[in-house]
Each structure stands twice: as C-alpha cells, then as structure tokens.
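Fold and contact review
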Amino acid sequence: FRHVADNGYPEGALALGDLLAATAMAGRGDPARDAAAKAVGWYTSAANAGVALAQFKLANALFSGAGAERDLPKAEQWYMRAAQQGLADAQYVLGVWKSGGVAGPKDPVDGYRWLLLAERQGESNAAKVRQRVRDSLSPEDRRAAEMAADAFRAKAERPRNPAAEEAPLLRPMKGS
C-alpha cells in the first residue's frame, strides 16, 4: 500500500490509514496512540488528494480526538467536503450536525437538506432524524430544503480514470 500511495494513488494512503486505525483499536497505551496518529497522517494525505472516504474518516478522527487533537469545526469542514462529493455517511453526519448546531450555528434547513440527500442514498438512520427535523420546519423552509436537495449534484474532487486504476481481466487459458 505504501508503494501504491507513493506512486500517485491516494487510495493506498486510505488503506494504510485503515490498517493503522485497526491496529490502534486493537491495542493500548502508547503503541495504540502512535498507530492512531499515523492513521490520521495517512487519512490526511488521501483526504487532501480528494478521496471522499478518507475525508470522512479524517473528520471522524477529528471529532473523536483519536490520533489528532479534537477539532469540531475542522471535522465539519472535512465532513462537508466528503458530503459534497456525494458520500452518504458524510451527508448524514452533516445533516445531524447542522440540525443540532454541533460545530457551529444551528441550521435546520440545511440539516434537513443533507439528511434528505443521505436518505435518498439509503442511509438507514437519515429518515428517522429527518422526520424529527421536518416537524420543526415551516412548510416554506421544508420546500426550500427539498428544492436545494433536488438541485444538488455531487462534485468529485479528483477525476477517476477506471481504465488506469483497474487491472485488465485475463481470460483463462484453454485447458486450465
């Protein structure tokens, strides 16, 4: 994974972060804290390269203070970047945060929008939370949020080139 990450594929950095995060969760003391900090370093590398899942995992680390100093405003920024790329988990968290004012001012209309987007992608808890937020909104605010959700288009931060990222399929040789 290190070779992959060092050669321009930030998904390799994401994989390294995941391996180190698993090591941190399975351990204790200084080795676990060191592994968590290294995981955050790899997540940061992949997140800066535009990998939405790495942005989400980095935001989780910043929210929890695992491997990094707890920083809710910065976590919200990373959730936002991942949500804007269309990651349903990030949209759900952002919806909850915006609705409740977790890292900044409360914005239930924007929160409703993000929850609706997450729900449309099948995020299982989004519908329940969205219903609670819905009950607190005026019909006008609800329509505004729904129109904003309808207008939403995910924007990838880095172009994907599947032909360059996927190995070609090889046909089995006859007789094997």
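Look above for the structure.
A brief structural summary. Because the structure is a prediction, the values reported are computed rather than measured.

Bringing the packing of aromatic side chains into the picture now. Taken as a whole and judged by the stated rule, the model has four aromatic pairs. Consider the rings of Y79 and W97, whose centres lie 5.2 Å apart with planes at 80°: the pair is edge-to-face. You can see Y79 sitting in helix 5 (residues 72–84) and its partner W97 sitting in helix 6 (residues 88–100), a full 18 residues away along the chain. Relative accessible area serves as the criterion here: at 6%, W97 is assigned to the buried category. Feature note: the residues F56, F63, Y79 and W97 constitute an aromatic cluster, connected by ring pairs. Over the face of the ring belonging to F63 we find R70, whose NZ or CZ atom lies 5.0 Å from the ring centre.

Moving on to the nonpolar core. Judged by nonpolar contacts, the single largest core of 47 residues is most densely connected at L58, Y79, Y92 and W114. Sort the elements by how many residues they give to this core and helix 3 (residues 29–48) lands first, with eight residues. Ignoring anything within four residues of it in the chain, the contact list for L58 reads V40, Y43, T44, A47 and W78.

This part is about the environment of L19. Positionally, L19 belongs in helix 2 (residues 10–26). Exposure remark for L19: the relative accessible area of 47% places this residue in the partly exposed category.

Taken as a whole, the largest pocket encloses approximately 200 Å³ of empty space. Lining of the largest pocket is provided by A21, A24, M25, A36, A39, V40, Y43, K57, N60, A61, S64 and A66. Breaking the lining of the largest pocket down by element, the ones donating at least two residues are helix 2, helix 3 and helix 4 (52–64). Of the residues belonging to the lining of the largest pocket, the class tally is nine nonpolar, two polar and one charged.

Rules used in this analysis
Residues numbered from 1 in each chain as written. Predicted model: local features only at pLDDT ≥ 70, side-chain atom pairs only at ≥ 80, totals over all residues. Heavy atoms only, no water. Phe/Tyr/Trp six-rings, centres within 6.5 Å; stacked < 30°, edge-to-face > 60°. Helix = DSSP H or I, 4+ residues; strand = E, 2+ residues; numbered from the N terminus. Buried < 20%, exposed > 50% of the residue type's maximum accessible area, 1.4 Å probe, protein only. Lys NZ or Arg CZ within 6 Å of the ring centre and 35° of its normal. Core = buried A, V, L, I, M, F, W, Y, C linked by side-chain atoms within 4.5 Å. Contact = heavy atoms within 4.5 Å. 1 Å grid on protein atoms, 1.4 Å probe; cavity = no way out; pocket = protein on both sides within 12 Å on 5 of 7 lines; lining within 4 Å. Points joined across faces, edges and corners; volume = space filled by probe spheres on them. Nonpolar A, V, L, I, M, F, W, Y, C, P; charged D, E, K, R; others polar.

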